[in-house]
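Here is how the chains run, residue by residue.
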Amino acid sequence: MLALVGGLLLPGVFLPVAASAETITVKVSKLAFVPASVTAKIGDTIEWANADFVDHTATATDKAFDVKLPAGKTGSVTLSQAGTFPYFCRVHPMMKGTIAVTE
Amino acid sequence: MKSLNRLGIALAGLMLTTGLGVAAETAKLTDPQIAHIAYTADNVDIEAAKLALKTSKTKAVQDFAENMIRDHEAVNKQALALVAKLKVTPEDNPTSQALTKQAAATQAHLATLKGAAFDKAYVDNEVAYHHAVNGALETTLIPATQSAELKDLLTTGLKIFKGHEEHARMVAGKLK
């Protein structure tokens, strides 16, 4: 399960110590996620920076997360589970990306 | 009803391509004309989406229509800012007129429908309309555009509208 930043983490769910946690930025530009594929560790945060003038979303294919990315704004998700998470933009479904999360 | 609807879609595609074909043959489209066509095409889709918001009770259709209004208004805002910057005055032309005329016919037809019949006709038309506009942008409008900035905006617009076409196909698939 992935928890939205700013959202509530379930009580009793402890993320690894943040000392080594990183924020990985994915640029959203000209209707594409750049880079389309990123590798991260549990506890890392993916931050999407939408440089387009239209709103996008980063929506996990398995619905694990659904982050709104308003035009010119950022949105993020903190990774709490290992696995490969394909995602897309609900408004422009040909925009696709993948997050590979390792322990 | 189904065959009528198909006919409408076929006509929409035909008129759009024919209109563009005629315009392209008789005189090369100018940037002011291309800007007018793009703006008109955006507004056609916004008006259809407004009708969908009023008529449809289906969440997937309403969400799609809201996305169409937001995106096409965003594109138009960019387009208006750009033409102002470039000191280009959009110029009415036969292609814009054909688009407007066809859109009025489509709106009138959609306005007679309700429920599942409306949802299907609206979404099918969205697929066909975006497909026709995207084809026109790709093969006629973008290659004819002189201004690099306008070309860039239309190219981004094309990517946005290809997204809409795919989204519309997904919604159409859900309605079946």
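Residues numbered from 1 in each chain as written. Chains lettered and ligands numbered in written order. Predicted model: local features only at pLDDT ≥ 70, side-chain atom pairs only at ≥ 80, totals over all residues.

**Things to note about the overall build of chain A**
Within chain A, the secondary structure is distributed over 0 helices and 10 strands. In sequence order, the secondary structure elements of chain A are arranged as β-β-β-β-β-β-β-β-β-β. Counted over contacts in chain A with a minimum sequence separation of 6, partners at least 24 positions apart contribute 54%. (Helix = DSSP H or I, 4+ residues; strand = E, 2+ residues; numbered from the N terminus. Contact = placed C-beta atoms within 7 Å.)

**Observations concerning the UniProt feature "domain: DUF4142" (unreviewed entry) in chain B**
In this numbering, the UniProt entry assigns the feature "domain: DUF4142" (unreviewed entry) to residues 30-170 of chain B. Helix makes up 87% of residues 30-170 of chain B and strand 0%. Its end C-alpha atoms lie 35 Å apart. (UniProt positions renumbered as here; feature names shortened; annotations may be inferred.)

**A look at the pairing of strand β6 (residues 56-60) of chain A**
Residues and elements named next belong to chain A. Buried residues dominate β6, accounting for 4 of its 5 residues. Summarising the sheet, β6 and strand β7 (residues 66-69) pair through 4 bridges and their orientation is antiparallel. Counterpart to Thr59 in the pairing with β7 is Asp66. Relative to strand β9 (residues 83-88), β6 runs antiparallel, the two sharing 2 bridges. Paired with Ala60 across the bridge in β9 is Tyr87. (Buried ≥ 20, exposed ≤ 12 C-beta atoms within 10 Å, placed from the backbone. Pairing = 2+ DSSP bridges.)

**Some details on the environment of Ala100 of chain A**
Residues and elements named next belong to chain A. Structurally, the position occupied by Ala100 is in strand β10 (residues 96-102). Given 13 C-beta atoms within 10 Å, Ala100 falls into the partly exposed group. Along the primary structure Ala100 and Ala21 are separated by 79 residues, whereas in three dimensions their C-alpha atoms are 15 Å apart. Once residues within four sequence positions are removed from consideration, Ala100 is found in contact with Thr39 and Thr84.

**Observations concerning the sheet that holds β9 of chain A**
All names here are of chain A. Here 5 strands make up an open sheet; going across it, the order is β4-β10-β9-β6-β7 and the pairing mixed. Sheet topology places β4 (37-41) and β7 at the edges, where each strand pairs with a single neighbour. Strand-to-strand twist across the sheet, computed as the mean angle between neighbouring axes with direction ignored, equals 20°. Alignment of β9 against β10, held across 6 bridges, turns out to be antiparallel. Looking at the pairing, Gly83 lines up with Val101 of β10. (Axes fitted to C-alpha atoms, helices over the stretch in contact; angles between N-to-C directions.)

**Details of the packing of helix α2 (residues 31-55) of chain B against helix α5 (residues 115-144) of chain B**
All names here are of chain B. Where α2 contacts α5, the two axes come as close as 11 Å, and the packing angle between them is 170°. Here α2 is positioned roughly antiparallel relative to α5, judged by the angle of their axes. The segment α2 lies against α5, with Ile34, Ile37, Ala38, Ala41, Asp45, Ala48, Ala52 and Thr55 engaging Phe118, Tyr122, Tyr129, Val133, Leu141 and Ala144. Split by residue class, the contact of α2 with α5 holds 12 nonpolar, 1 polar and 1 charged. (Parallel < 35°, antiparallel > 145°, perpendicular 65-115°, else oblique. Nonpolar A, V, L, I, M, F, W, Y, C, P; charged D, E, K, R; others polar.)

**Describing the interface of chain A and chain B**
Each side of the interface is counted separately: chain A has 11 residues, and chain B has 13 residues. Residue composition of the side of chain A that touches chain B, by class: 8 nonpolar, 1 polar and 2 charged.

**Some details on the packing of helix α3 (residues 59-86) of chain B against helix α6 (residues 148-175) of chain B**
All names here are of chain B. It is at 11 Å that the axes of α3 and α6 come closest, and there the two elements cross at 175°. Overall, the two elements α3 and α6 adopt an arrangement that is roughly antiparallel. Residue-level contacts link Ala60, Val61, Phe64, Met68, Asp71, Val75, Gln78, Ala79, Leu82 and Leu86 of α3 to Glu149, Leu150, Leu153, Gly157, Ile160, His164, His167, Ala168, Val171 and Lys174 of α6. Here the contact of α3 with α6 is built from residues that sort into 13 nonpolar, 4 polar and 3 charged.

**Overview of the nonpolar core**
Core analysis: the largest hydrophobic core is formed by 59 residues, its most contacted members being Ile46 and Trp48 of chain A together with Ala38, Val61, Tyr122, Val133 and Leu141 of chain B. Considering each element in turn, this core owes the most residues, 11 residues, to α5 of chain B. Setting aside residues up to four positions removed in sequence, Ile46 of chain A forms contacts with Ile24, Val26, Val38, Ala40, Ser76, Val77, Leu79 and Ile99 of chain A. (Core = buried A, V, L, I, M, F, W, Y, C linked by C-beta atoms within 7 Å.)

**A word on α6 of chain B**
All names here are of chain B. An ideal rise of 1.5 Å per residue puts 40 Å on 28 residues; α6 measures up with 40 Å between its terminal C-alpha atoms. Every buried residue of α6 is accounted for by Leu150, Leu153, Leu154, Gly157, Ile160, Phe161, Gly163, His164, Glu165, His167, Ala168 and Val171. Of the surrounding secondary structure, the elements contacted by the buried residues of α6 are α2, α3 and α5. (Expected span 1.5 Å × (residues − 1).)

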